[in-house]
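Spelled out, the chains give:
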Amino acid sequence: MLTPEQLRRAVRYGRKRIVDQGEVLLDVGDQAPRVFIVTQGRLEIVRPAGTRQDFVTDLGPGQFSGEVSTLSGQPALVRVRAVAQSEVIEVDREHLLSVVQADSELSDILMRSFILRRVELIARGLGDAVLLGSNHCAGTLRIREFLTRNNHPYSEIDLDREADVQELLDRFQVSLADIPVLICRCQVVLRNPTNQQIADCLGFNKAIDVTKAHDLVIVGAGPSGLAAAVYGASEGLDVLVVEASAPGGQAGSSSKIENYLGFPTGISGLELAARAHAQAQKFGAQLMVARAATRLSCARKPYALRIDGAEEAPARAIIIATGAKYRKLAVDNLARFEGAGVYYSATPMESQLCRGEEVIVVGGGNSAGQAAVFLAQTARRVHMLVRSEDLAGKMSRYLIRRIEGHPSIALRFRTEIAGLNGNGHLERVTWRDARTGKVDTHEVRHLFVMAGAVPNTGWLEGCVTLDGKGFIKTGADLTKEDLAAARWPLIRMPYLLETSLPGVFAIGDVRSGNLKRVASAVGEGSIAVALVHRALLD
Ligand SMILES: Cc1cc2nc3c(=O)[nH]c(=O)nc-3n(C[C@H](O)[C@H](O)[C@H](O)COP(=O)(O)OP(=O)(O)OC[C@H]3O[C@@H](n4cnc5c(N)ncnc54)[C@H](O)[C@@H]3O)c2cc1C
């Protein structure tokens, strides 16, 4: 509820309008979302669902419409209708961004409301997407994760439980081979769609013009990329972020980050990412999801980024924040069980799947340790398989203590996975003790692989200098020989976090020598932006 004084200030950013009873001010799917502030009368917010309408809320004088999609420029998720003749202040997206940046009091009220409304839409499943899938299907898990990480509300029909689903499937001429299915905007039926198809159908990237030359293009929206987006946009740079999947990166798959400053009781990776995403949007950064950077044209400035399924994005400066991905196990049939018993992250979603069962966690680093402790809350027993002799080398002391003292965690050193078996879903796992050569097979249906990372640098094709393991070298780590080989053209040496290509920076897990922590990723994001300003003056 805005006070009369706040309403007076809001009028400056919009235009007053009289609207008739029954008039639809905004409809589901509208491409130009706006906010309506009621000064007289009453508006109602509904969510049309086929022939009926779900009532969401109504708004009286001093109240306002809008939620996260209004800020991001994505299609509207709800219908706004006048219940009686009313007077409203209409604020378009451009002016909304101005309010949010210029008036801190209004900004706080709007941002808090928008975020809480999105949370409510998600909780009530009031989205424009219906997912038909099964818990035992990798595609279903992928789509669920994609929608959740993009904070998009959706409802779900579990094909394993709903008896009358066949009729629904027949209506849309969907065969079982097409599962999972996403019904998008109540109109389009997508059969086992890619993330890119989902993003296109739901209009996630609709408001973005990639062909415009941006001051800064950030590749990757993990903690480091999101931090760079927040600092870059808040300091006046025109920022585009390109993300292959959804915001959050590896941290997004972390069930609880307990060592990030300011969160004494921990914060889930999903929540941290959602907050950072909203913060970046508040300052005007644009985030393109489900689009991977596939090549960097680095021969001349402005550089240009080739983006999968989109046009080239010219950029005056680039920050590479593409992180790293988990090492896979050397087991022949691994791919058969990925998402069907083999997982690379341990979030509340996975922990529900293995409630009361035995699980295996492979790895000896911090992420493996966290996964083991987290899963032990719901699983009957956690077998932790570590290749080395002990945990001291790679894991934080506090985690080692928790694991060693936990009654449900069984630690097995010098042990590796030797085979996976199952019909459709993982059912049995064989492991080998490297000291004795003894092989054991156990009835375990859930295996969490957390065994180190490989940098996402394949797409750079020789544009920047890499270290022996493929991570990007920056700043003082670049030797004279590296710079000579890369034909470094400037008199000055590369800045901290700058690669062997002037104006191109690398931050976070993808950078050689990085600490692989959320805090260091975020810190590097902020430092890189300060140096981007300097590099833009070259
Ligand atoms: C399960 C788990 C738990 C963890 N727990 C903690 C913890 O408690 N505390 C802590 O400090 N650290 C923790 N970490 C480590 C931390 O998450 C990472 O250090 C951090 O996420 C690194 O951030 P980043 O932005 O550099 O990279 P990432 O988080 O890896 O993000 C990189 C992003 O770039 C995208 N990308 C990759 N290639 C491309 C491309 N070609 N085009 C566009 N986008 C691309 C990816 O999709 C991804 O979203 C954990 C990691 C995991 C996996």
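Residues numbered from 1 in each chain as written. Predicted model: local features only at pLDDT ≥ 70, side-chain atom pairs only at ≥ 80, totals over all residues. Heavy atoms only, no water.

A.B. asks: Quick question: what am I supposed to make of the nonpolar core here?
C.D. replies: If you look at the biggest cluster of nonpolar residues, it comprises 46 residues, and the most contacted ones within it are Ile218, Val239 and Ile319. Not counting residues within four places of it along the chain, the set of residues in contact with valine 239 comprises His214, Leu216, Ile218, Ala229, Gly232, Ala233, Ala285 and Gln286. (Core = buried A, V, L, I, M, F, W, Y, C linked by side-chain atoms within 4.5 Å. Buried < 20%, exposed > 50% of the residue type's maximum accessible area, 1.4 Å probe, protein only. Contact = heavy atoms within 4.5 Å.)

A.B. asks: Help me understand the packing of aromatic side chains in this model?
C.D. replies: For the structure shown, the criterion picks out 3 aromatic pairs. Relative to phenylalanine 263, the ring of tyrosine 260 has its centre 6.0 Å away and its plane inclined at 10°; by these criteria the two rings are stacked. You can call tyrosine 260 buried: its relative accessible area is 19%. An angle of 35° between the planes, with centres 5.0 Å apart, marks the rings of tyrosine 343 and phenylalanine 448 as tilted. Taken as a pair, tyrosine 343 in strand E19 (residues 342-343) and phenylalanine 448 in strand E26 (residues 446-449) lie far apart in primary sequence, 105 residues in all. Each member of the pair tyrosine 343 and phenylalanine 448 is classed as buried. Its guanidinium or amino end placed over the ring of tyrosine 495, arginine 492 lies 3.9 Å from that ring's centre, counting from NZ or CZ. Above the face of the tyrosine 495 ring, arginine 534 is positioned so that its terminal group lies 5.2 Å from the ring centre. (Phe/Tyr/Trp six-rings, centres within 6.5 Å; stacked < 30°, edge-to-face > 60°. Helix = DSSP H or I, 4+ residues; strand = E, 2+ residues; numbered from the N terminus. Lys NZ or Arg CZ within 6 Å of the ring centre and 35° of its normal.)

A.B. asks: Before we go on, may I ask you to explain the site of the ligand in this structure?
C.D. replies: As a structural note, the neighbourhood of the ligand is formed by 33 residues, with Ser224, Glu243, Gln250, Gln370 and Val518 the closest of them. Alanine 244 is positioned such that a nitrogen or oxygen atom in its backbone is 3.0 Å from a nitrogen atom of the ligand. Arginine 517 is positioned such that a nitrogen or oxygen atom in its backbone is 3.3 Å from an oxygen atom of the ligand. Split by residue class, the shell around the ligand holds 15 nonpolar, 13 polar and 5 charged. (Near = heavy atom within 4 Å. Polar contact = N/O pair within 3.5 Å; in protein donor to acceptor, adjacent residues only side chain to side chain. Nonpolar A, V, L, I, M, F, W, Y, C, P; charged D, E, K, R; others polar.)

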